[in-house]
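# Tertiary structure, described
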Amino acid sequence: MSPTRVRVPAKVNLHLGVGGLRPDGFHELVTVFHAVGLHDVVTVQVADAMGVRVSGPAAAGVPTGSDNLVWRAAELLASRCRAGSPVRVEIAKQIPVAGGMAGGSADAAAALLGCARLWGADPVVLPELAAELGSDVAFGLVGGTALGTGRGELLEPLPTTGELHWVLVPAEFGIAAGDAYRELDRLRAEGAVPPPALDVTGLRAALVSGRPDEVAAALHNDLEPACLSLAPALHAVLAAGRKAGALAGIVSGSGPTCAFLCADEPAARRVAADLPRATVARGPVPGATVLGR
Ligand SMILES: C[C@](O)(CO)[C@H](O)COP(=O)(O)OP(=O)(O)OC[C@H]1O[C@@H](n2ccc(N)nc2=O)[C@H](O)[C@@H]1O
Ligand SMILES: Nc1ncnc2c1ncn2[C@@H]1O[C@H](COP(=O)(O)OP(=O)(O)OP(=O)(O)O)[C@@H](O)[C@H]1O
């Protein structure tokens, strides 16, 4: 049987409002996910035994055993649909690892879709399985721009007008999502940060307007003070992007990647030229998509 290739995007949180800590150890979120054109490609094919191979510019440090989320995704789908031969999963990795852009989650979403295709499983089960794998995995399946509630897995597509042009600046280190949330709880206990920002009315209107300046003014991340506390070097990255001409800059999700919104594509190219390691990307883009052979 021929391999199935799935392309899957990274995400930026245009808004990340973090509510209280729930008894299950997760925080209640009001977030706006936005898929951007920086992709991993995940290929699944029937094999004698499960295996994972990772290549590409962001491959360093990605696990190749059963702790890779794609392995867990394949096993979960196989057990749920009581089918599934062993698969070899190859990840061509461009999304920065532990960068706050949901790279591992994206790969898991792609593996679910690819294995469902390969095994003839009904894709209707995928969103529920995605939510079991991680808070960001469900969004990887749908992409676009979406409101996320619960712990991030309850999704409602949001209407947008036009395209947004981003400059993405990955760091040379990672931040584990759990560490960022714990640091936020610590700062909150000290009274050192503003209360949770759980209203996205302004952002929703800005997205419909299609005006990047309005979207820029509405960007917000409750986790940003925690990321800056864990990695103070990010202050300088944010300042450099704004100085280079971005409309606004935010830490993406749990960081440390910084995302800068620009007025248009030429502006994004100019800003990227001024910042080390920067890439340009546009959004929104579709979620996990099976590619032709
Ligand atoms: C920061 C975000 O990327 C924003 O979209 C996500 O909230 C993180 O999503 P993720 O990496 O898929 O996170 P998970 O693998 O589900 O959880 C990792 C850890 O992050 C913390 N976590 C995650 C999601 C959430 N709503 N509250 C949390 O407190 C928990 O400590 C959890 O153990
Ligand atoms: N396919 C994968 N790609 C990257 N990391 C993976 C993968 N599978 C498991 N991991 C592990 O997950 C950790 C977090 O990686 P990931 O790139 O998903 O973080 P992230 O982009 O910050 O996630 P999020 O934005 O969802 O919080 C890595 O340090 C790595 O050990």
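Residues numbered from 1 in each chain as written. Chains lettered and ligands numbered in written order. Predicted model: local features only at pLDDT ≥ 70, side-chain atom pairs only at ≥ 80, totals over all residues. Heavy atoms only, no water.

### Some words on the domain arrangement of the protein
Split by domain assignment, the protein resolves into domain 1 (4-158) and domain 2 (164-283). Between domain 1 and domain 2, the buried area comes to about 2,400 Å², and carbon and sulfur atoms account for 64% of it. On inspection of domain 1 and its partner domain 2, the count reaches one salt bridge. At the junction of domain 1 and domain 2, the tally comes to 15 residue pairs in polar contact (both at pLDDT 80 or more). Elements with a contribution of two residues or more to the side of domain 1 that touches domain 2: strand E1 (4-21), strand E2 (27-46) and strand E5 (145-149). (Domains from an automatic or database assignment. Buried area = accessible area lost by both parts, 1.4 Å probe. Salt bridge = Lys/Arg side-chain N within 4 Å of Asp/Glu carboxyl O. Polar contact = N/O pair within 3.5 Å; in protein donor to acceptor, adjacent residues only side chain to side chain. Helix = DSSP H or I, 4+ residues; strand = E, 2+ residues; numbered from the N terminus.)

### Quick word on the sheet that holds strand E11 (residues 279-283)
The strand order across the open sheet formed by four strands is E9-E10-E7-E11, and the pairing between neighbours is antiparallel. Only two strands of the sheet have a single partner each, and these edge strands are strand E9 (248-251) and E11. If you compare each strand with its neighbour and ignore which way they point, the axes differ by 30° on average. Running at roughly 10° to strand E7 (residues 164-169), helix H10 (residues 265-274) makes contact with E7, strand E10 (258-262) and E11 of the sheet. (Pairing = 2+ DSSP bridges. Axes fitted to C-alpha atoms, helices over the stretch in contact; angles between N-to-C directions. Contact = heavy atoms within 4.5 Å.)

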